[in-house]
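# What the coordinates show
Listed here are the chains, written in short residue letters.
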Amino acid sequence: MNIALTLLALIVAWRLLCLRYQRAHIALLGRHLADLQLERHMETLTEGYTRAIHEKEASRQLQVLDTFAQTERSVAAQSRTLADTLQKEDALATRMGTLPFCVPYIERWLPASTRDFRALLHVHAAGLRYVVDNEGRWDPKDRAYHLSAELYLFQHSCHWFCKSRAVADARLALRHQVQHQKVLESVSSVTRAAYQKWLQDDER
C-alpha cells in the first residue's frame, strides 16, 4: 500500500512539474505571437487551400488560390519577425527535448537531447519565404501543396516546443489527418534538408 501511494505521489509530482515546464514554454512563445497575426493567417491559408482543392473546376481553384497572395506574404514576413525576436531570448529557455515525451528541464541535465527552437524558427521562416516566392517554380496547385506542408510543419514545431514531440504528432494527425513523416516529405527540399540537419545536429 505504501509503495502504491509513493508511486502515485511521484506520478502526480512529475505531472505537475511537466505542466509547469510546458506553461513556461507556452507563455514564452505566446508573448512573441501576441503582436502578430501569424496564427490567424495560417488558419486562413490552411482552410483556404482545402477549399480550393475541393473546387471542381481548375479555373475556380486557381481563382481561389489567387485570393491568398497577400496572406501568404504576411505569413512569410511574420514568421521571420517571430524568428528574429525570439533570437533575443535566453538560450536555455528556448531549448526543446528530442525525446517523444516531456522531460522537464532536460536542457539543464541532458543538453545533448535538446535542440534550439530559435534555430528551428529560422528554418521555417526561410522555408516559408522560399515557397511563397515560388523559387521552386511550381504551378499554383503544387505551390499551395508545398506551402500547406510548410505550415503544418511549422505548427508541429510550435506544439513540440510547447508540449512534446508526441503531442505535436498527435495534433498533426488529429487536425490535418496527416503524419509528420508525410509532411516532412511534402515540404520543399530546402526546408527538409535544413530541418533534418537541425534535428541531427547536437553541437552546442
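Structural notes, computed from the coordinates. Note that the coordinates shown come from a computational prediction; the quantities given were computed from them, not determined experimentally.

## Describing the overall build of the protein chain
- A count of helical and extended segments in the protein chain gives 10 helices and 2 strands.
- Mapped from its N terminus to its C terminus, the protein chain presents α and β elements in the order α-α-α-α-β-α-β-α-α-α-α-α.
- For the protein chain, the share of sequence-separated contacts (at least 6 apart) that also reach a separation of at least 24 residues comes to 70%.
- Charged side chains in the protein chain number 27 positive and 23 negative. The centres of these two groups are separated by 5 Å.

## What about the packing of aromatic side chains?
- Applying the stated criterion across every chain yields a total of 6 aromatic pairs.
- With 5.7 Å between their ring centres and 85° between their planes, W160 and W198 make a pair best called edge-to-face. In this pair, W160 is assigned in helix α7 (residues 140–162) and W198 in helix α10 (residues 189–200), connecting sequence segments 38 residues apart.
- Following the ring pairs from residue to residue traces out a cluster consisting of W160, Y195 and W198.

## Describing the side chain of T114
- Within the secondary structure layout, T114 lies in strand β2 (residues 114–116).
- At 2.7 Å, the side chain of T114 and the backbone oxygen of P111 are in polar contact.

## A word on unusual backbone geometry
- Even without a glycine there, the phi angle at Y105 is positive, about 60°.
- Judged by its relative accessible area of 27%, Y105 is partly exposed.
- In the Ramachandran plot, R137 falls in the positive-phi region, its phi being about 55° despite a non-glycine side chain.
- Here R137 lies in the loop between α6 (117–132) and α7.

## So, a nonpolar patch on the surface
- Together, L5, L8, V12 and L16 line one region of the surface with nonpolar side chains, adding up to about 370 Å² of accessible area.
- The exposure class assigned to L16 is exposed, which follows from its relative accessible area of 53%.

## Quick word on the nonpolar core
- Ranked by internal contacts, the top residues of the largest apolar core, which has 47 residues, are L29, L38, Y49, L82, F117 and F154.
- With 11 residues, α7 is the single largest residue contributor to this core.
- With 5 residues, the next largest nonpolar core counts C18, Y21, C102 and I106 among its residues.

Here is what the cut-offs are and how they apply
- Residues numbered from 1 in each chain as written.
- Predicted model: local features only at pLDDT ≥ 70, side-chain atom pairs only at ≥ 80, totals over all residues.
- Heavy atoms only, no water.
- Helix = DSSP H or I, 4+ residues; strand = E, 2+ residues; numbered from the N terminus.
- Contact = heavy atoms within 4.5 Å.
- Lys, Arg positive; Asp, Glu negative; His and termini not counted.
- Charge placed at Lys NZ, Arg CZ, Asp CG, Glu CD.
- Phe/Tyr/Trp six-rings, centres within 6.5 Å; stacked < 30°, edge-to-face > 60°.
- Polar contact = N/O pair within 3.5 Å; in protein donor to acceptor, adjacent residues only side chain to side chain.
- Buried < 20%, exposed > 50% of the residue type's maximum accessible area, 1.4 Å probe, protein only.
- Patch = residues over 30% accessible without salt bridge, like charges linked within 9 Å, V, L, I, M, F, W, Y side chains within 5 Å.
- Areas by Shrake-Rupley, 256 points an atom, 1.4 Å probe, with all protein chains shown as cover.
- Salt bridge = Lys/Arg side-chain N within 4 Å of Asp/Glu carboxyl O.
- Core = buried A, V, L, I, M, F, W, Y, C linked by side-chain atoms within 4.5 Å.

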